[in-house]
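Chain by chain, the residues:
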Amino acid sequence: MNPADEILDIVDEHDRVVGQLPRGEVYSRGLRHRCVFIQARDAAGRLFVHRRTATKLVFPSLYDPFVGGVVGAGESYDEAALREAEEELGVSGLPRPTYLFTFLYDDGAGRSWWSAVYEVRCELPVDPQKEEVQWYGFLTDEEVERRLGEWEWVPDGLAAYRRLAEFRAAGH
């Protein structure tokens, strides 16, 4: 199926479902929907970072410190987190990602979505989807911090990354 044809739930400012439309229309009209962000770490605690392919509908060719994506119509955040993590990492049998928090991402230019942030430990060999991932690596936290100022990152992933740092600094 063409990703633009996937049906998504449209949600309001309180994350309540108010309708359903194809992803392409949701994006073109700037309608609020749901996404999941999963921070994946390997057995050594290094963070999975990837560069999106040039064919992605949103933020093509940018780096991302999370795996994840949109929540399908009728799908829960938890279901989407496991599905997206397994799809993007190219694994099966991943432990269920741990939910951390939700926030409303809004870029002020018509892109807005409810974003649930998760974490998961992936000790399986990864084989990311070629259609989604142009490059990937497991990086130390120090390496990621160094690359924040050098690479062009997806803005929603960067917002989630910063919120996650604040969440952890607050003792969560």
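Structure shown above.
Position numbers for residues count from 1 along each chain, tracking the sequence in the order it is written. pLDDT decides what is reported in this predicted model: residues at 70 or higher carry local features, side-chain atom pairs at 80 or more are listed and counted, and totals for whole chains, interfaces and linings draw on all residues regardless. The side-chain numbers reported here are obtained from all heavy atoms of the structure, hydrogens and water having been left aside.

What exactly am I supposed to notice about the nonpolar core here?
One broad trend across soluble globular proteins is that nonpolar side chains are buried collectively. In this text, buried Ala, Val, Leu, Ile, Met, Phe, Trp, Tyr and Cys residues form a nonpolar core when linked through side-chain atoms within 4.5 Å. Relative accessibility decides the category of a residue: with a 1.4 Å probe and only protein chains considered, values under 20% of the type maximum give buried, values over 50% give exposed, and everything between is partly exposed. The biggest cluster of nonpolar side chains holds 31 residues, and the ones touching the most others in it are F37, V49, F66, F101, V117, W153 and L164. Runs of H or I in DSSP of at least four residues are treated as helices and runs of E of at least two as strands, each being numbered from the N terminus. If you list the elements that add at least two residues to this core, you get strand 1 (7–11), strand 3 (33–41), strand 4 (47–52), strand 7 (98–106), strand 8 (112–121), helix 3 (141–148) and helix 4 (155–169). At 5 residues, helix 4 tops the list of elements feeding residues into this core. If near-sequence neighbours (up to four positions away) are discounted, V49 is found in contact with D64, P65, W135, Y136, G137, L139, V144, W151 and W153. Core analysis: the second largest hydrophobic core is formed by 21 residues, V67, A85, V91 and V126 among them. Note on contacts: a residue pair is in contact if any heavy atoms of the two residues lie within 4.5 Å.

So what exactly am I meant to see when it comes to the packing of aromatic side chains here?
Only Phe, Tyr and Trp rings are paired, with Trp represented by its six-membered ring, and only when their centres lie within 6.5 Å; those with planes under 30 degrees apart are stacked, over 60 edge-to-face, the remainder tilted. Throughout the structure, instances matching the rule amount to 14 aromatic pairs. The rings of F37, F66, F101, F103 and F167 are connected pair by pair, giving a single aromatic cluster.

Would you mind showing me how to read the pairing of strand 7 here?
Every other side chain in a regular strand lies on the same face of the sheet, so the side chains alternate between the two faces. Strand pairing follows a simple DSSP-based rule, namely that at least 2 bridges must link the two strands. Bridge count for strand 7 against strand 8 is 8 bridges, and the pairing is antiparallel. Counted as the bridge partner of L104 is W114 from strand 8. Here strand 7 folds back onto strand 8 in antiparallel fashion, the turn holding 5 residues, of which G108 has a positive phi close to 75°.

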